[in-house]
Amino acid sequence: MRACILAAAVLMSACSQPADTLYTNAVIWTGTGAEASALAVTGDRISWVGDADGAPAAGEIVDLNGAFVIPGFIDNHVHLLMGGMQLASVDLRDADSPEEFARRIGEFAAGLEPGRWILGGSWDHERWGGKLPGADWIDAATPNNPVFVQRLDAHMAVANSLALELAGLTAETPDVEGGEIVRLANGSPAGVLKDEAMNLVFSVIPDPSPQEFREALDRAQAHAFSLGVTQVHDVGTYGGFQDLEVYRAAHAESALSLRIYSIVAISGWERIARLVEKEGTGDSVLRWGGVKGFVDGSLGSTTAWFYDPYLDTPQTTGLTVTPLGELATDIAGADSAGLQLAIHAIGDRANDWLLDVFAGLPFRDRLPPRIEHAQHLSDAAIARFAELGVVPSMQPYHAVDDGRWAENRIGRERAERTYAFRSLLDAGAPLTFGSDWTVAPLNPLLGIHAAVTRATIDGANPDGWIPSQKIAVEDALRAYTVANAEAGGQADQLGTLQEGKLADFVVLGEDIRSIPAELIKDVGVLRTVIGGVEVFSLPEEAHAL
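Everything numeric here is computed off the predicted structure, so don't read it as measured data.

Okay, the packing of aromatic side chains next. Enumeration according to the criterion identifies 11 aromatic pairs in this entry. An angle of 85° between the planes, with centres 5.8 Å apart, marks the rings of Phe 101 and Trp 137 as edge-to-face. Of this pair, Phe 101 sits in helix 2 (residues 98-109) while Trp 137 sits in helix 3 (residues 135-138), and the two are 36 residues apart along the sequence. Each of the two residues, Phe 101 as well as Trp 137, counts as buried. A ring pair is formed by Phe 306 and Tyr 310, whose centres lie 5.4 Å apart and whose planes are at 85°; its orientation type is edge-to-face. Accessibility expressed as a relative area gives 0% for Phe 306, which makes it buried. Overall, Tyr 310 belongs to the buried group, its relative accessible area being 1%. Joined through ring pairs, the aromatic side chains of Phe 73, Tyr 419, Phe 421, Phe 433 and Tyr 480 make up one cluster.

Laid out in structure tokens, this is it:
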């Protein structure tokens, strides 16, 4: 009889007529503690889950040949349109020398018409020893194209001289509160701009056209599906509202398949509150009602806000990118409107400041407040996440990326509380995971591998950087599925594979719980299903590759 008892949202019972599709011969991690070997889909819902022997009849039967099935991956923090744009731009992520950095930009520029901006990039100066790039590195190769390519953390970028000229930056340009203009000895801009100073160039870059936005969205969706990502919490690229309008337009034309929770800039909280009052918070495909703000910058740009100075830049403890009084006022206003708070904090001082602000609010919203990244924590902060019900919205790939050089910047003692996955779980905090794409790769399996092994990407820490903070595979799976659905207010619809829930699931080539942890990053996605529709399928001949 269990197969007959379906949620009210399911219009068709497995007992009254066959399911649309039965997926069988699988190892199914449901996220509930129970396992199964088959599941049935009717319409956009799961209509039955259990042992294959008791499966209902179905119009189509899909034999998964022993593959591993999990709920669809939910990514808690992406810059989706930026990612879609980057997929068509110059890729500097693994450029490992100044010469390679310049060569790639020059080669990309050679294929562009004069005047076309070169953006994106995602470079990492730590790959060539930590020296910041400058306009002089790329001017000769880009005389006709303005360049403004960002470090992978998006907290600093380098411009060529043409871009600096278009932005009107000179030695007389004053410093910017919440940012930094890196200068030559004579005071002229060297090319690198940090945090709020980047807006001096962003302000003169033309917005993409509607067609360019749609193409970026299409690229981003296809990329997500190939990696098993069925929903993202998008924290914006173009101020938040412009992103949301791109998604609304695509959804109105039935061109949106990826589920998106669009979180907009907190400075516009009154505008999004009016939208919520007028139209609600959207539907199961496109939702809104969250706001994002910034306390500080990033570790890689030495702009994360700490109590103590950086070891390699002792003249600074980082900075706050938003005036704290202004940010506290916006947080209180957004909370009073019932909006979900998702606030960026990296350094230990930034996290403590934000937890103090959260502690003084009634949290009228029905969704828990979040700290985006929560990277470097004080001892007291770790316990306060659980006490206050604050979500640590974390991105585990950062640990194996930053772990190559972080101790040179903050020392071992502070590093022990960096990306403190195990400590937060042990304290009872509602840990969630994502990627911060394009800052890090979108692939959730790379994130799970990072959380489980903490093996840095340079191979220098095969047993794990700060190994005491490793977590189990199932903990990481929950952080990418169940916990993200809860943090986004959709636990009744998503996050687990149960009868009556939306049929979002991923088929993996291996059971990642039973293989050596170091192999998790190489496991392939065979199928991605959203709302019962197969949006990605690896060709059969590629399954064994």
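There's more to say after this.
Among the 6 residues of strand 8 (residues 73-78), 6 are classified as buried, and the element is accordingly described as predominantly covered. Examined bridge by bridge, strand 8 and strand 14 (residues 229-234) share 4 bridges and lie parallel to one another. Bridging across to strand 14, Val 78 finds its partner in Asp 234.

What follows covers the sheet that holds strand 22 (residues 525-530). The strand order across the open sheet formed by 6 strands is 3-2-7-21-22-23, and the pairing between neighbours is mixed. Each end of this open sheet is capped by a strand with a single partner; those strands are strand 3 (35-36) and strand 23 (533-537). Relative to strand 3, strand 2 (residues 27-29) runs antiparallel, the two being bridged by 2 bridges. Paired with Trp 29 across the bridge in strand 3 is Glu 35.

Thresholds applied
- Residues numbered from 1 in each chain as written.
- Predicted model: local features only at pLDDT ≥ 70, side-chain atom pairs only at ≥ 80, totals over all residues.
- Heavy atoms only, no water.
- Phe/Tyr/Trp six-rings, centres within 6.5 Å; stacked < 30°, edge-to-face > 60°.
- Helix = DSSP H or I, 4+ residues; strand = E, 2+ residues; numbered from the N terminus.
- Buried < 20%, exposed > 50% of the residue type's maximum accessible area, 1.4 Å probe, protein only.
- Pairing = 2+ DSSP bridges.

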